[in-house]
Amino acid sequence: MLIGKALTIVLMGPMMCGIFLCLFQRQRGEQVEFGTLFKGFDFFLEGFLVQLFKLIPLIVLMVPFYFIMAAIMLAGMPRGQVRPEEMSGFMATFFGFEIVFILVLLIVSLLIEIFFIFAFPLVVDRKLKALDALKLSFRAGKANLGGIVGLLLLNVVLGFVGLLCCIVGVYFYLPVAFASYVIAYRRVFPEITRNFPSPPPPPGNWA
């Protein structure tokens, strides 16, 4: 995660693919090595594209936000001798808009996770192209909406508990969160065997 965040758009996709490769190996009872993380770069293009598509909605949301915040600062900041009520009115407008934006950002982020949650696993497990993985992940997310929302909210709560544990607790919980996504993925997309050569359509609900 640290390597991925160093250059989010370029590196996060391949590193996420590497994380899921390790988790799939562990799920099958195979030996997992640290170097397996970097085998995600075998899926560099597809991982990069999935990450890029995940970030586009957030970028579209962030750019207008910064312009609006700058406009509020320039137009609303009291000048000269400032009365307390003028400053309090400006601060209420400024922070009110910021709170609304944070809520919108949280909702958009949740929607992104719901419909993109299986994209990286599909790239590494089914060797799908980025666009195909995104389409199938969207269908699976829509078909299993209740279970995925419950899983995401549970991970948010437990991740917050990890933050309360001197922040470092969240890093101990991250592997559990990713493992929960792999378990959910396998309930929707069973492992392909010789007797089952093609990926099935996502079922109605796995929760």
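This one's a predicted model, so the numbers in the text were calculated from it and none came from an experiment. (Residues numbered from 1 in each chain as written. Predicted model: local features only at pLDDT ≥ 70, side-chain atom pairs only at ≥ 80, totals over all residues. Heavy atoms only, no water.)

Participant: What's the story with the layout of surface pockets in this structure? I'm lost.
Facilitator: Over the atoms a probe the size of a water molecule is rolled, and this reveals where empty space is left. As a volume, the largest pocket reaches approximately 1300 Å³. When contributions to the lining of the largest pocket are tallied by element, the ones reaching two or more residues are helix 1 (2-6), helix 2 (8-27), helix 3 (44-76), helix 4 (84-116), helix 7 (145-164) and helix 8 (169-188). Partitioned by chemical class, the residues of the lining of the largest pocket number 25 nonpolar, five polar and three charged. The calculated volume of the second largest pocket comes to roughly 380 Å³. Looking at the second largest pocket, the residues that line it are Met-1, Leu-2, Ile-3, Met-15, Ile-19, Cys-22, Leu-23, Leu-37, Tyr-171, Leu-174, Pro-175 and Phe-178. Only helix 1, helix 2 and helix 8 provide two or more residues apiece to the lining of the second largest pocket. Residue composition of the lining of the second largest pocket, by class: 12 nonpolar, no polar and no charged. (1 Å grid on protein atoms, 1.4 Å probe; cavity = no way out; pocket = protein on both sides within 12 Å on 5 of 7 lines; lining within 4 Å. Points joined across faces, edges and corners; volume = space filled by probe spheres on them. Helix = DSSP H or I, 4+ residues; strand = E, 2+ residues; numbered from the N terminus. Nonpolar A, V, L, I, M, F, W, Y, C, P; charged D, E, K, R; others polar.)

Participant: What is the right way to read helix 7 from this model?
Facilitator: An α-helical segment advances 3.6 residues per turn. Residues three or four places apart therefore align on the same side. When the terminal C-alpha atoms of helix 7 are compared, their 29 Å separation across 20 residues agrees well with the 28 Å that a helix rising 1.5 Å per residue should span. Considered for burial, the residues of helix 7 that qualify are Gly-147, Ile-148, Leu-151, Leu-152, Asn-155, Gly-159 and Gly-162. Along the axis of helix 7, the buried positions cluster into a sector of 125°, meaning they face one direction only. Away from its buried face, by an angle of more than 90 degrees, helix 7 presents the exposed residues Gly-146, Val-156 and Leu-164. (Expected span 1.5 Å × (residues − 1). Buried < 20%, exposed > 50% of the residue type's maximum accessible area, 1.4 Å probe, protein only. Arc of directions from axis to C-beta.)

Participant: Honestly, the pattern of salt bridges in this entry has me stumped. Any pointers?
Facilitator: Where charged atoms from two side chains of opposite charge come close, those side chains can pair. The tally for this structure, following the rule as stated, stands at six salt bridges. Linking Arg-28 and Glu-30 is a salt bridge whose minimum nitrogen-to-oxygen distance equals 3.0 Å. The partner of Asp-125 in a salt bridge is Arg-186, with the nearest N and O atoms 3.0 Å apart. Of this pair, Asp-125 sits in helix 5 (residues 119-125) while Arg-186 sits in helix 8, and the two are 61 residues apart along the sequence. Overlapping salt bridges, with partners in common, bring together Arg-28, Glu-30 and Glu-191 in one network. (Salt bridge = Lys/Arg side-chain N within 4 Å of Asp/Glu carboxyl O.)

Participant: It is not clear to me how the nonpolar core should be interpreted in this structure. Could you clarify?
Facilitator: Nonpolar side chains tend toward joint burial in soluble globular proteins. In terms of nonpolar packing, the biggest core is built from 37 residues, with Phe-20, Phe-118 and Phe-189 touching the most fellow members. Among the elements that take part in this core, helix 2 stands out by supplying eight residues, more than any other. Excluding its chain neighbours within four sequence positions, the residues that come into contact with Phe-118 are Ser-137, Ala-140, Ile-148, Tyr-181, Ala-184, Tyr-185, Val-188 and Phe-189. Within the second largest apolar cluster, five residues are counted, among which are Phe-65, Met-69, Ile-72 and Phe-94. (Core = buried A, V, L, I, M, F, W, Y, C linked by side-chain atoms within 4.5 Å. Contact = heavy atoms within 4.5 Å.)

Participant: Honestly, the confidence of the model for the chain in this entry has me stumped. Any pointers?
Facilitator: In low-pLDDT regions, the fine details of the predicted coordinates are not to be read closely. When pLDDT is averaged across the chain, the result is 86; 86% of the residues are at 70 or more. Averaged over each element, pLDDT in the chain is lowest for helix 1 (81) and highest for helix 5 (97). (pLDDT = per-residue confidence, 0-100.)

Participant: Explain the packing of aromatic side chains here, please?
Facilitator: The way to describe two aromatic rings as a pair is by their centre distance and the angle between their planes. By the definition in use, this model includes 13 aromatic pairs. Taking the centre distance of 5.8 Å and the plane angle of 10° together, the rings of Phe-65 and Phe-97 count as stacked. With Phe-65 in helix 3 and Phe-97 in helix 4, the pair connects residues that are 32 residues apart, well separated along the chain. Residue Phe-65 is classed as buried on the basis of its relative accessible area, which comes to 8%. Relative accessible area serves as the criterion here: at 25%, Phe-97 is assigned to the partly exposed category. Each residue in the set Phe-24, Phe-118, Tyr-185 and Phe-189 is aromatic and connected to the rest through ring pairs, giving one cluster. (Phe/Tyr/Trp six-rings, centres within 6.5 Å; stacked < 30°, edge-to-face > 60°.)

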